[in-house]
Amino acid sequence: MLLTISTTYSPATDLGYLLHKHPARIQSFTLSFGQAHVFYPEARTEKCTVALLLDVDSVGLIRRPHGQFAENFALSQYVSDRPYVASSFLSVAISRVFGTALSGKCKERPELVKTAIPLSAKLSILPCRGGEKLLRRLFEPLGYTIKVEQHPLNTRFPDWGESRYFTVTLEKTCSLSELLTHLYVLIPVLDDEKHYWVGDAEIEKLLKHGNNWLAAHPEQESIVRRYLKHQRQLTREALAQLREEDAQETDEAIQAHEEEQFEERISLNEVRLTTVTEALKKCGAKRVLDLGCGEGKLLRKLLVEEQFEEIVGMDVSHHVLKIAQERLHYDRLPEKQKNRLHLFQGSLGYRDKRLVGYDAAAVIEVIEHLDLPRLAAFERALFEFACPRTVVLTTPNIEYNVKFENLQTGLFRHKDHRFEWTRSEFQSWAADVAKRFDYTVAFHPIGPEAEDVGPPTQMAVFTRKV
Ligand code: SAH
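Residues numbered from 1 in each chain as written. Predicted model: local features only at pLDDT ≥ 70, side-chain atom pairs only at ≥ 80, totals over all residues. Heavy atoms only, no water.

**Concerning the overall build of the chain**
Secondary structure assignment for the chain yields 18 helices and 14 strands. Taking all 466 residues of the chain together, the buried fraction comes to 52%. When contacts within the chain are restricted to residue pairs at least 6 apart in sequence, long-range pairs at least 24 apart make up 71% of them. Entry remark: accessible area of the chain is about 22,100 Å², with carbon and sulfur atoms responsible for 51%. (Helix = DSSP H or I, 4+ residues; strand = E, 2+ residues; numbered from the N terminus. Buried < 20%, exposed > 50% of the residue type's maximum accessible area, 1.4 Å probe, protein only. Contact = heavy atoms within 4.5 Å. Areas by Shrake-Rupley, 256 points an atom, 1.4 Å probe, with all protein chains shown as cover.)

**Quick look at the nonpolar core**
Side chains that are nonpolar tend, in soluble globular proteins, to be buried together. Membership of the largest hydrophobic core comes to 65 residues, with the highest contact counts inside it found for Leu3, Leu52, Leu54 and Leu176. The element best represented in this core is helix H7 (residues 176–191), accounting for 10 residues. What Leu176 contacts, discounting residues up to four positions off in sequence, is Ile5, Leu15, Leu18, Leu19, Ala101 and Leu119. Of all hydrophobic cores here, the second largest spans 31 residues; its members include Val366, Phe383, Ala430 and Ala460. (Core = buried A, V, L, I, M, F, W, Y, C linked by side-chain atoms within 4.5 Å.)

**Description of helix H9 (residues 220–227)**
Of all eight residues in H9, six are buried, a share of seventy percent or more. Taken together, the buried positions of H9 are Gln220, Ser222, Ile223, Val224, Arg226 and Tyr227.

**Looking at the site of the ligand**
Taken together, the neighbourhood of the ligand is formed by 15 residues, with Gly292, Asp315, Val316, Leu348 and Ile364 sitting nearest. Here a nitrogen atom of the ligand sits 3.3 Å away from a polar atom, N or O, in the main chain of Val316. Contact distances for the ligand include 2.9 Å between a nitrogen atom and a backbone N or O atom of Leu348. For the shell around the ligand, the residue count by class is seven nonpolar, six polar and two charged. (Near = heavy atom within 4 Å. Polar contact = N/O pair within 3.5 Å; in protein donor to acceptor, adjacent residues only side chain to side chain. Nonpolar A, V, L, I, M, F, W, Y, C, P; charged D, E, K, R; others polar.)

**What about helix H15 (residues 318–327)?**
Those residues of H15 not exposed but buried are Val320, Leu321, Ile323, Ala324 and Arg327. Angular distribution of buried residues about the axis of H15 spans 160°; they occupy a single face of the element. Across H15 from its buried face, at more than 90 degrees, point the exposed residues His318 and Lys322. His329 occupies a position one or two residues after H15 and carries a positive phi of about 50°. (Arc of directions from axis to C-beta.)

**Some points on the packing of helix H6 (residues 131–139) against H7**
When two helices pack together, their arrangement is captured by the angle between the axes and the distance separating the axes. Two elements in contact, H6 and H7, have axes whose closest approach is 11 Å; the angle formed by their N-to-C orientations is 155°. As the angle between them shows, H6 and H7 are arranged roughly antiparallel. In this structure, the crossing between H6 and H7 has a hand that is right-handed. Residue-level contacts link Leu134, Leu135, Leu138 and Phe139 of H6 to Leu186, Val189 and Leu190 of H7. Taken together, the residues that form the contact of H6 with H7 break down as seven nonpolar, no polar and no charged. (Axes fitted to C-alpha atoms, helices over the stretch in contact; angles between N-to-C directions. Parallel < 35°, antiparallel > 145°, perpendicular 65-115°, else oblique. Left-handed = near helix turned anticlockwise from the far one by under 90°.)

**Topic: the pairing of strand E7 (residues 162–174)**
By the bridge criterion, 10 bridges tie strand E5 (residues 117–127) to E7 in an arrangement that is antiparallel. Residue pairing for E7: Lys122 is matched across the bridge by Thr169. Pairing geometry for strand E6 (residues 145–152) and E7, over seven bridges, is antiparallel. Note on E7: the bridge partner recorded for Pro152 is Glu162. (Pairing = 2+ DSSP bridges.)

**Points about the sheet that holds E7**
Taken in spatial order, the seven strands make up an open sheet running E2-E3-E4-E1-E5-E7-E6, and their pairing is antiparallel. Every interior strand has two partners, whereas the edge strands, strand E2 (27–31) and E6, have only one. Strand-to-strand twist of the sheet, defined as the mean angle between neighbouring strand axes without regard to direction, takes the value 15°. Examined bridge by bridge, strand E1 (residues 2–7) and E5 share six bridges and lie antiparallel to one another. When the bridges of E5 are listed, Thr4 appears paired with Lys122. Its contacts with the sheet put helix H3 (residues 88–97) on E1, E2, strand E3 (34–43), strand E4 (48–56) and E5, and the angle it makes with E4 is roughly 125°. This element, H6, spans E5, E6 and E7 of the sheet and lies at about 160° to E6.

**Examining the packing of aromatic side chains**
In total, this model carries 10 aromatic pairs according to the counting rule given. Ring geometry for Phe419 against Trp421: centres 4.6 Å apart, planes inclined by 35°, an arrangement best described as tilted. The buried category is assigned to Phe419, whose relative accessible area is 5%. Note on Trp421: relative accessible area 10%, which makes it buried. When the ring of Trp421 is compared with that of Trp429, the centres are 5.4 Å apart and the planes differ by 40°; the resulting orientation is tilted. Judged by relative accessible area, which is 10%, Trp429 ranks as buried. (Phe/Tyr/Trp six-rings, centres within 6.5 Å; stacked < 30°, edge-to-face > 60°.)

**Section: the pattern of salt bridges**
Counted under the stated rule, the structure contains 26 salt bridges. Its salt-bridge partner being Arg418, residue Asp371 comes within 2.7 Å of it at the nearest N-O pair. A residue pair is termed long-range when its members are at least 10 positions apart, and Asp371 in the loop between strand E11 (360–364) and helix H17 (372–386) and Arg418 in the loop between strand E12 (390–396) and helix H18 (423–437) qualify at 47 residues. Judged by relative accessible area, which is 36%, Asp371 ranks as partly exposed. For Arg418, the salt bridge is made with Asp416, and the minimal N-O distance between the two is 2.8 Å. (Salt bridge = Lys/Arg side-chain N within 4 Å of Asp/Glu carboxyl O.)

What follows is the structure in structure tokens.
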């Protein structure tokens, strides 16, 4: 799968600065689904072309837990276009390999980032369910001149007709980040077959990258629907948010998701929240606390479970609570739901009467944000003072960090993390807490367990003895 981008801006080799990739070098990057190679077939002052070549590991794909091929047809493991066509894999590669350019940053030539330069992008082999008409409907309103070559199903038998594969050239004078953003969003839309789990985080990505142009695009609805893999609820939410066009808030929300960048997340986050919800259900809790609830993802899951009669979300940050309130559409909830849900600001470092008397508390990816010296205060505030019957607590397993290809060795997953623990550090902390406060504790892995390093997330379920 090949994407080339050319410019005739003078000097054209400035493309190297914009992409943070030196024109004289060939660079390769390992991604979870294969290798991405970046090189420059031509680098002259008059014209410069960069190539992004994806070498998708087709055997690896079949082995993925949510295999690309499973849902299609019996032979789909053997006859598949995935390794060869532009799809959501290309979007992931663009964000990983050209991430800085995509976000419109360039330290060395900040003025160049905003400059409109003549650009031409060629996608050789772009699948498009919807044909040339759809291609034009998507790119022409954005000001592109588009050349389309449709490939026959079989060159030896022309009467078999046309395939759904195209070679497409897009031309526009605009900033590089604008071009990359349009490709990033619209390639998966054309292909209409995302390779990864689509959840809330996708709405945010879409709104972030669609900021400025999507709200005014005549095909807005079909772009959103296809991008979100036809999931009706997500599509409705995204369209509603687009209409509100609260770009600033979206940007902040995106930053809060930095950690997720390393976690192949969409699925890990989802698995984590589902596992926690199940644990809370299993312990029979009716009144539950979500401490450090953040933007309310767990709250949303808990709300749909009738078992939970009262759900409390607490966080130290007013700002995220406000986002949670909006995300949960708190003001528009029916009275009955509203009465079940309470959000308030508070800190886990202090005893708080409002937290006393609940059946269970979830503390999801929060303790690593506390300064180690404050941890003792948290332990007493929760286990001694609030003392719910069950505590479900998760935290990253630092051993797994070697598996995140974007994470530099020695760094934590998020810059606000004060610590991250190995499995044995976490287990000995939890066992000690259980002993001191009269709880029992059981441990569960969350996410795919890797040899030697274990799962990405570790969970402890504490149960009060009396
Ligand atoms: N539980 C959420 C959010 C995790 S991010 C989820 O799994 O998505 C960590 C959250 O803990 C942030 O929202 C942060 O504001 C909150 N937090 C950090 N220190 C806190 C404290 N002392 N008391 C309460 N919340 C805290």
